[in-house]
Amino acid sequence: FLKSVAYAIRETNPTRLIVVYDGAGGSQRRRKLHPNYKGNRKPGKRITRWDAFKNVEEEKQAMKIQFSRLLEYLDTLPINVLSIDRIEADDTIAYITNNLLKDEVIIMSADQDFLQLVNERVTVWSPIKKIFYTPEKVLEDYGVPAHNFLMYKCLMGDKSDNLEGIKGLGPKKVAKVIPEIVGKEIGLDYLIDYASTQDSLMHKRIVENKVNLETNEKMMSLKDPLMSGQIKIQINDLHSRPMNLLHRNDFIMLYNEDYMGNNLQNPDIWLTEHFLKLNNLAQLTYE
């Protein structure tokens, strides 16, 4: 994970780095709208040395300890870590991007949902594809502009979140079925109204699935995430606090205690190469 953070810094040269995790009970709001939200997800790959444990429960406990330890490492670095109870990381990231940051923003994520936020100020970097998604790149790869990507996702659905799209409607058919989706920004009302004036089977399916599409929009929209005023105040407060400073000795002490060996050839040089600039900028937040 630490190497991944360093890689992100080398690729984007940020002036500030915020790491966001899901809060406790983060999926509850969406599960109220859609009880089967994420219900079809299978257990992910076992990322530990699973053969070192007696059983799965022992492995899960070890992973909790590792995650807690990771937070200790991050606390020694000039990075902000946010996790807000009852809110998923996506919503926190979207709120910060849309409301608290005025300059250029790069969101590091492989989650397609963030592409709806792409504009001249916001870029999404997929570390898996190694692609920076600008408005031009979104249009090139998906055939729809970023400002209509939410409508595209509503129609396509999302298997990973157990959200159904329009049966038989593939990515290459969307622009043919809804021509306006490649132009100006449209909303769900326009999409349904247009489909109701057409006679094809696909248009009829869109109209018949109006309620499902409305649910998809509520579930997927990151342009104005649903959250209470209290949670917004909490995010604003955490975001406005001075950034963490680099605690070089504490990081190296953790590193040595965990017997990391030569995973980082020279931790002190590694810290300087990747975090010195961020630390200098973090110090300005205290002045």
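The preceding data block contains the structure.
Residues numbered from 1 in each chain as written. Predicted model: local features only at pLDDT ≥ 70, side-chain atom pairs only at ≥ 80, totals over all residues. Heavy atoms only, no water.

What follows deals with the overall build of the chain. Secondary structure summary: the chain contains 13 helices and seven strands in total. The C-alpha extent of the chain, read off along each of the three principal axes, is 70 × 50 × 35 Å. The buried share of the chain, reckoned over its 287 residues, is 41%. Contacts spanning at least 24 positions in sequence make up 66% of the contacts within the chain whose residues lie at least 6 apart. Taken as a whole, the chain presents about 16600 Å² of accessible surface, with 51% of it coming from carbon and sulfur. Distance between charge centroids for the chain: 5 Å, based on 39 positive and 39 negative side chains. (Helix = DSSP H or I, 4+ residues; strand = E, 2+ residues; numbered from the N terminus. Buried < 20%, exposed > 50% of the residue type's maximum accessible area, 1.4 Å probe, protein only. Contact = heavy atoms within 4.5 Å. Areas by Shrake-Rupley, 256 points an atom, 1.4 Å probe, with all protein chains shown as cover. Lys, Arg positive; Asp, Glu negative; His and termini not counted. Charge placed at Lys NZ, Arg CZ, Asp CG, Glu CD.)

Estimates place the volume of the second largest pocket at around 300 Å³. Around the second largest pocket, the lining is made up of 17 residues, and of these Met-156, Gly-157, Asp-158, Lys-159 and Leu-163 lie nearest the centre. The element contributing the most residues to the lining of the second largest pocket is helix H6 (residues 149-156), with three residues. (1 Å grid on protein atoms, 1.4 Å probe; cavity = no way out; pocket = protein on both sides within 12 Å on 5 of 7 lines; lining within 4 Å. Points joined across faces, edges and corners; volume = space filled by probe spheres on them.)

All right, on to the nonpolar core then. The biggest cluster of nonpolar side chains holds 51 residues, and the ones touching the most others in it are Leu-155, Ile-181, Ile-206 and Leu-213. In this structure Leu-155 touches Gly-165, Ile-166, Leu-169, Val-174, Ile-178, Ile-181, Leu-191, Ile-206 and Leu-213, once residues within four positions along its chain are discounted. One finds Ile-9, Phe-251, Leu-254 and Leu-278 within the second-largest nonpolar core, a separate group that totals 21 residues. (Core = buried A, V, L, I, M, F, W, Y, C linked by side-chain atoms within 4.5 Å.)

Before going further, it helps to spend a moment on the sheet that holds strand E5 (residues 131-133). The strand order E3-E4-E5 describes an open sheet built from three strands, whose pairing is mixed. Edge positions in the sheet fall to strand E3 (105-108) and E5, since each has one partner strand and no second. The sheet shows a mean angle of 25° between the axes of neighbouring strands, direction not considered. Examined bridge by bridge, E3 and strand E4 (residues 122-126) share four bridges and lie parallel to one another. Of the residues in E4, the one forming a bridge with Met-108 is Trp-125. (Pairing = 2+ DSSP bridges. Axes fitted to C-alpha atoms, helices over the stretch in contact; angles between N-to-C directions.)

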